[in-house]
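Here's the letter readout for the chains.
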Amino acid sequence: HTAGVFCCRKPPSPLPPPLGPRSSPEGSPVLWSLSGLAEKPSWEYAEEHLKTPCLEEGKFLASFGQYVLSPSIFAILRSQSGRHFTESLDTLRLQDGLDGVLVEGSRSDLGNMSTYLEALQAQLQKGRTAKPEK
């Protein structure tokens, strides 16, 4: 795999090829070739530019800030000093390609102490209700 990887939230239901993600071997992540990126787009922009075939009306893929990128990103960041990171990601997408990978599970915002503590409490609660493996 030579393109960068951009983590996305899972769509509401499985999508059939060819309109859905590329098929992958059993146990491999499901990948989407990304054709565009936008940082916090308006509803109007998303409706016009970010539609994903087979997702229901008003549903879009969304990043949550986890990336595995090619080393090309460093030269792009240096050449685009002062620009938003999303613009650099889009340049990388145009230059090398960028795939979205659908990630299972939940995520938490760890940007401040209160949301960090909420995430820890959720993990603790999840651990208490999990059934032991046999």
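### Quick look at unusual backbone geometry
1) Next: Residues other than glycine seldom take positive phi values, yet Lys-40 does so here, at roughly 45°.
2) Next: With respect to the helices, strands and loops of the structure, Lys-40 is situated in the loop between β2 (31-33) and α1 (43-49).

### A short note on a nonpolar patch on the surface
1) Next: A contiguous nonpolar surface patch, about 490 Å² in accessible area, is contributed by Leu-110, Met-113, Tyr-116, Leu-117 and Leu-120.
2) Next: Locating Leu-117 in the fold gives a position in helix α4 (residues 113-129).
3) Next: Overall, the relative accessible area of 41% leaves Leu-117 in the partly exposed class.

### Description of the packing of aromatic side chains
1) Next: Here the structure, examined in full by the defined rule, presents one aromatic pair.
2) Next: Taking the centre distance of 5.4 Å and the plane angle of 70° together, the rings of Tyr-67 and Phe-85 count as edge-to-face. Here the residue Tyr-67 occupies a position in strand β3 (residues 63-68), and Phe-85 occupies one in helix α3 (residues 85-96), the gap between them amounting to 18 residues.

### Brief notes about α3
1) Next: Compared with the 16 Å implied by 1.5 Å per residue over 12 residues, the 16 Å span of α3 between its first and last C-alpha is a close match.
2) Next: Phi turns positive one or two residues past the end of α3, at Gly-97, with a value near 95°.

### Overview of the side chain of Ser-70
1) Next: By the secondary structure assignment, Ser-70 is in the loop between β3 and α2 (72-79).
2) Next: A residue is classified by how much of its surface remains accessible, and Ser-70, at 12% relative accessible area, is buried.
3) Next: For Ser-70, the residues in contact, after removing those within four places along its chain, are Leu-92 and Asp-96.

### As for the pattern of salt bridges
Note on pairing: side chains with opposite charge can pair once their charged atoms come close.
1) Next: Summed over the entire model, instances satisfying the criterion amount to three salt bridges.
2) Next: Residues Glu-39 and Lys-40 are paired through a salt bridge, measuring 2.7 Å at the closest nitrogen-oxygen approach.
3) Next: The class for Glu-39 is partly exposed, based on a relative accessible area of 38%.
4) Next: By relative accessible area, Lys-40 is classed as exposed at 71%.
5) Next: The shortest N-O distance in the salt bridge between Arg-83 and Glu-87 comes to 2.7 Å.
6) Next: A residue is classified by how much of its surface remains accessible, and Glu-87, at 33% relative accessible area, is partly exposed.

Rules used throughout
- Residues numbered from 1 in each chain as written.
- Predicted model: local features only at pLDDT ≥ 70, side-chain atom pairs only at ≥ 80, totals over all residues.
- Heavy atoms only, no water.
- Helix = DSSP H or I, 4+ residues; strand = E, 2+ residues; numbered from the N terminus.
- Patch = residues over 30% accessible without salt bridge, like charges linked within 9 Å, V, L, I, M, F, W, Y side chains within 5 Å.
- Areas by Shrake-Rupley, 256 points an atom, 1.4 Å probe, with all protein chains shown as cover.
- Salt bridge = Lys/Arg side-chain N within 4 Å of Asp/Glu carboxyl O.
- Buried < 20%, exposed > 50% of the residue type's maximum accessible area, 1.4 Å probe, protein only.
- Phe/Tyr/Trp six-rings, centres within 6.5 Å; stacked < 30°, edge-to-face > 60°.
- Expected span 1.5 Å × (residues − 1).
- Contact = heavy atoms within 4.5 Å.

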